[in-house]
Every structure is written in structure tokens, then in C-alpha cells.
Amino acid sequence: MKFMTLPILFSALGIVGTSARKPSGQQQLSAALGAGFEATGIAQIETSLINLAREKSTPDSSTLESIAIIQQYINAMKADVLERASDTQAGLNQSWHNLVNCRLNLTDASSNLSILNATHRDCSDAESTMGSQYLNCLNTCETECSSSQAVCDQYCTVNIPDMPSPSPSPGPGTCHFADTVKGDDEVGTYKEWDSNLIYERWAHYFNGLYSDWTAKRNSCRNQVTTMQNCYQHCASTHGTFYATKKQECTDHQYDLEAAACHENSAVCQAYQGCFGSLTETYKADVDSARASQASWYSEYRGIQRVVCLLGAFNASVVSGADLTAALNTCQSTVFDPCAEERSLCLDIYPSPQMESCNGTYSNNTLQPGSAAWTAAFYTGMPNMTTWEACGAPCCASGGPEPPSPSPFPSQNCSLCTNESF
């Protein structure tokens, strides 16, 4: 791979005609450029630049132009090294990712208790959040229930007083009524009165009483509907999801306990085969990556020295700096590729340890359902959550009982009413 055609570079360097017009430094530079993107090509360019400097202690304009072309060539070589480093790191990352994702089956292998426990805890955190939201919704309804009760109490306390019998008792045909009696009040039991005046007074009184009663009854009915909607909203928006999450967390707890009871030997063997194979692959990839890194380290140090030499040439022309001293500095400096390009330093992650996988559960100290198990896995459960009674085949007898969860407020608002709504 070449950045430019050699005839163009030779022309820029004045490498044409007879061999007398070809200084040895330029001949060496031509051969180096022809070597391509290899460490030997970089070394040849470096050597030829030093020899060229010796032959031309004061670089002329043609030399400066050729150096600019070489700079472009070196930039392409740097890009090539960086690309190879990036590809190597990407391959190494994938190899390591494959290895760390080779795990035991989360529901069958007791060596994954920490993972299953984390799953159970994460679920409990979500259950706690949902429970709090459900509780807040019910508390809001409970507050509204108090206000609604105050409204319905006004309706419930309306009592229609008994009306005393008029005296003398009305006789047939003694009065004619211009108004109709409303409501099932006691006025309705009298069809004839001594005078329309007495009736109208009582009818007016009971009309007002009935209107007041009707208004308070309707207000109470509206409050009942409002409360029913409030509790239905809590149940549908929060209660259902909370109950589902709670059951999911119980299932995760049972998975944790079941995994502690027994390891499936087939799953164990499959895991060991997967882990062993991918570990060998990762080790081989690491060895190959380190060898590649050593190679591009060498190349990049050479590139950095050439860049330093090119800078020395430019400085001698532009500012008249001492070329010889600058060249000596470039040759004696030990360049660190990582200091200039962090991507040239590989990130090599340590190989994970194989998880223990050796057969039937036998650790009585952490037997599911025991006090030690409960302390290890169920201490400090999130707010509004608790653990359930052990549900695995190997539960210890006589272990602690789970605490009773805090009850939620009533999901109904019993309002005082005089009739069934």
C-alpha cells in the first residue's frame, strides 16, 4: 500500500536524470517509500532523512517541498496503525463479551444465587414503588371520602317532622286545593282542610323542605359516584399492576430457593464446556493482540521519530534552527505511543473465574427457609414488601415465619344514605 506514486515524490526530491544527480540520501528515501506501510519502510525513511540532512545541512526549497509530501505519507501510515489497533481492540472486546456471558442457567444453578437474589431484590424495589403509588391513590380517595361524608351527612340528617292533625277535622268538600302535594310527606294524608290558607301554608313549608331534601340527596348521590370512580381508578391504574408485580416477585423468590435446592447436572456440564472453550479462545486472542500491539508500538515510535525529523527540517528552514542538534534530539528521544494516542494501548480485561457447579445442594447453613437463609437474603426488604413462606422442595422446618404486610386502607367509602343508590 502506497500513499503516492514514487515518480511524483522523486520529482519533488529532484531524483531524475543520471545517477550523479541522485544523492545517496534521496536514493535511500526512494527505496524506503517503496517499502510501503512496514516497520522496515519507516526505519529506511528515518535513516534516509538523517543522511539527507547530512548531505544538505541547509535544506533548500525543493527539499522542504518533498518533506511536506513525506508528511502526508507519514500521516497515512499513522492512520493505518490506528485502524489496526482499533480493529484489534474490537475483536478482543467481543471475545471477552462472549466469555462473560457464558453463565449458568439462572433458575437451575445454585451458584447463581447472588444473581437470582439481585433479580428478586430489583423486583421488590419495583413492587415497593408500585405499592406506594397504590397507597397514595387510596389515601387520596380516603381524604375525599371524608369530604363526601360531610356532604352526605347533611342529607342523612334531614328529618321530615310529623304534622299534627288539624282541628277541627276537615269535612268533605270544605276546601279545594290549587296546588299538588309533593313527596311522601304527611300532608298527603289529608285531602280536605278547613281552609285553603292553612293548606297553602303547610304545602309551602313542605315544598321547601322537599326541595332542600332533594338538593342534598342529589349532592350525596354525586359524591357516591365520585368515590366509586376514585376507587375504581386506583384499582385499575395501580392495584392490578401492583398485584401482578407482587406475584412476579414471589415467583423470583421461589426461583432463588429452588436454585439453592438442586443444581441440574446437564446445565452444569453445558456451562463448563461453554466456559472452558471460550476461556481458551479469549486467552489466544489476548496473546495475538499483545503481539500485534508490540508490532504497532515499534511502528508508531518510528513514525513519531520521522515526524520529529520532519519538524526539525521545517524549523531549520523557517527559523534557522540548528538542524544537527534537532536531529540528535529526535534520535535520542524515547517516544511513548500511548501518550499521543490512547487507543494504541489495549484494554485487556481479566478472565472471569468459573462459577462453582458441583452437584446437589448440601449447604445446611444457607438452606432455604432457615434463619440463616432468611437473614442472608431477606433482611432489609424494601418498604411495603415482604418475603413469602419458603416454597422450595428442600425448605428447612421450623424457620422464621414471614411478617404480615401492612394492610392497605379500605377500598370503599361507606357513606350515610337514606336510600339505596
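**Quick notes on the overall build of the protein**
Helix and strand content of the protein: ten helices and zero strands. Overall, the protein shows an N-to-C arrangement of helices and strands of α-α-α-α-α-α-α-α-α-α. Counting every position in the protein, which comprises 421 residues, the buried fraction comes to 36%. Look at the contacts in the protein between residues 6 or more apart in sequence, and 80% of them connect residues 24 or more apart.

**Regarding the side chain of H120**
In this fold, H120 is placed in helix 5 (residues 113-156). Sequence-distant contacts of H120, that is, excluding residues within four places in its chain, are made with C249, H252, Q253, Y378 and M381.

**Examining the packing of aromatic side chains**
Aromatic rings considered in pairs are described by the distance between their centres and by the relative angle of their planes. On inspection of all chains with the given rule, the structure shows seven aromatic pairs. Between the aromatic rings of Y134 and Y242, the centroid separation amounts to 6.1 Å while the plane-to-plane angle is 35°, which identifies the pairing as tilted. Residue Y134 is found in helix 5, and its partner Y242 is found in helix 6 (residues 196-261); the two are separated by 108 residues along the sequence. Residues Y242 and F408 carry aromatic rings whose centres are separated by 5.3 Å and whose planes lie at 75° to one another, so their mutual orientation is edge-to-face. Note that Y242 is positioned in helix 6 and F408 in the segment after helix 10 (371-377), a separation of 166 residues in sequence. Overall, Y242 belongs to the buried group, its relative accessible area being 10%.

**A word on the side chain of T386**
Within the fold, T386 resides in the segment after helix 10. Excluding residues within four positions of it along the chain, T386 makes contact with M381, P402, P403 and P405.

**Focus on the confidence of the model for the protein**
Taken as a whole, the protein shows an average pLDDT of 74; of its residues, 68% reach a score of 70 or greater. In the model, residues 161-195 has pLDDT below 50 throughout and makes 53 contacts with residues more than four positions away in sequence or in other chains. Throughout residues 358-365 the model reports pLDDT below 50, and contacts reaching past four residues in sequence, or to other chains, amount to 14 contacts.

**Looking at the pattern of salt bridges**
For side chains of opposite charge, pairing can occur when their charged atoms come near one another. Scanning all chains against the criterion turns up eight salt bridges. One salt bridge in this structure joins E299 and R84, with 2.7 Å as the shortest N-O distance. Of this pair, E299 sits in helix 7 (residues 265-318) while R84 sits in helix 4 (residues 61-100), and the two are 215 residues apart along the sequence. Residue E299 is classed as buried on the basis of its relative accessible area, which comes to 6%.

**Digging into the state of the cysteines**
Applying the stated criterion across every chain yields a total of eight disulfides. A sulfur-sulfur distance of 2.1 Å marks the disulfide that ties C102 to C274. With C102 in the loop between helix 4 and helix 5 and C274 in helix 7, this pair connects stretches of sequence that are 172 residues apart. In this structure C102 comes out as buried when scored by relative accessible area, which is 7%. Here C274 falls in the partly exposed class, since its relative accessible area comes to 28%.

**Here's the deal with unusual backbone geometry**
For M384, which is not glycine, the phi dihedral falls at a positive 70°. Structurally, M384 can be placed in the segment after helix 10. Residue M384 is classed as partly exposed on the basis of its relative accessible area of 22%.

**Observations regarding the nonpolar core**
With 35 residues, the main nonpolar core has L49, I74, W296, I303, V306, L310 and L344 as its most contacted residues. Looking at this core, the elements with two or more residues in it are helix 3 (39-55), helix 4, helix 7 and helix 8 (323-332). It is helix 7 that provides the largest number of residues to this core, a total of 14 residues. Discounting chain neighbours no more than four positions away, the residues touching L310 are L49, I67, I70, Q71 and I74. In this structure, L138, M227, C230 and C234 belong to the second largest nonpolar core, which totals eleven residues.

**Thoughts on the environment of R342**
Of note, R342 is situated in the loop between helix 9 (337-340) and helix 10. Separated by 260 residues in the primary sequence, R342 and L82 have C-alpha atoms spaced 9.9 Å apart. A distance of 2.9 Å separates a polar side-chain atom of R342 from the backbone oxygen of C345.

**A word on helix 8**
Considered for burial, the residues of helix 8 that qualify are L323, L327 and C330. Along helix 8, the residues classed as buried sweep out an arc of 60° about the axis, all on the same side. Turned more than 90 degrees from where helix 8 packs its buried face, T324 and S332 sit exposed. Two or three places before T324, at the opening of helix 8, D322 has a side-chain oxygen 3.1 Å from that residue's backbone nitrogen.

**Here we look at the environment of N218**
Position of N218 relative to the elements: it lies in helix 6. When the C-alpha positions of N218 and C152 are compared, they lie 9.4 Å apart, and in sequence the two are 66 residues distant.

**Side note on the environment of I50**
Checked against the element boundaries, I50 lands in helix 3. Considering only alpha carbons, one finds I50 and L309, 259 residues apart in sequence, at a separation of 7.9 Å. Ignoring anything within four residues of it in the chain, the contact list for I50 reads L309 and Q331.

Analysis parameters
- Residues numbered from 1 in each chain as written.
- Predicted model: local features only at pLDDT ≥ 70, side-chain atom pairs only at ≥ 80, totals over all residues.
- Heavy atoms only, no water.
- Helix = DSSP H or I, 4+ residues; strand = E, 2+ residues; numbered from the N terminus.
- Buried < 20%, exposed > 50% of the residue type's maximum accessible area, 1.4 Å probe, protein only.
- Contact = heavy atoms within 4.5 Å.
- Phe/Tyr/Trp six-rings, centres within 6.5 Å; stacked < 30°, edge-to-face > 60°.
- pLDDT = per-residue confidence, 0-100.
- Salt bridge = Lys/Arg side-chain N within 4 Å of Asp/Glu carboxyl O.
- Disulfide = S-S within 2.5 Å.
- Core = buried A, V, L, I, M, F, W, Y, C linked by side-chain atoms within 4.5 Å.
- Polar contact = N/O pair within 3.5 Å; in protein donor to acceptor, adjacent residues only side chain to side chain.
- Arc of directions from axis to C-beta.

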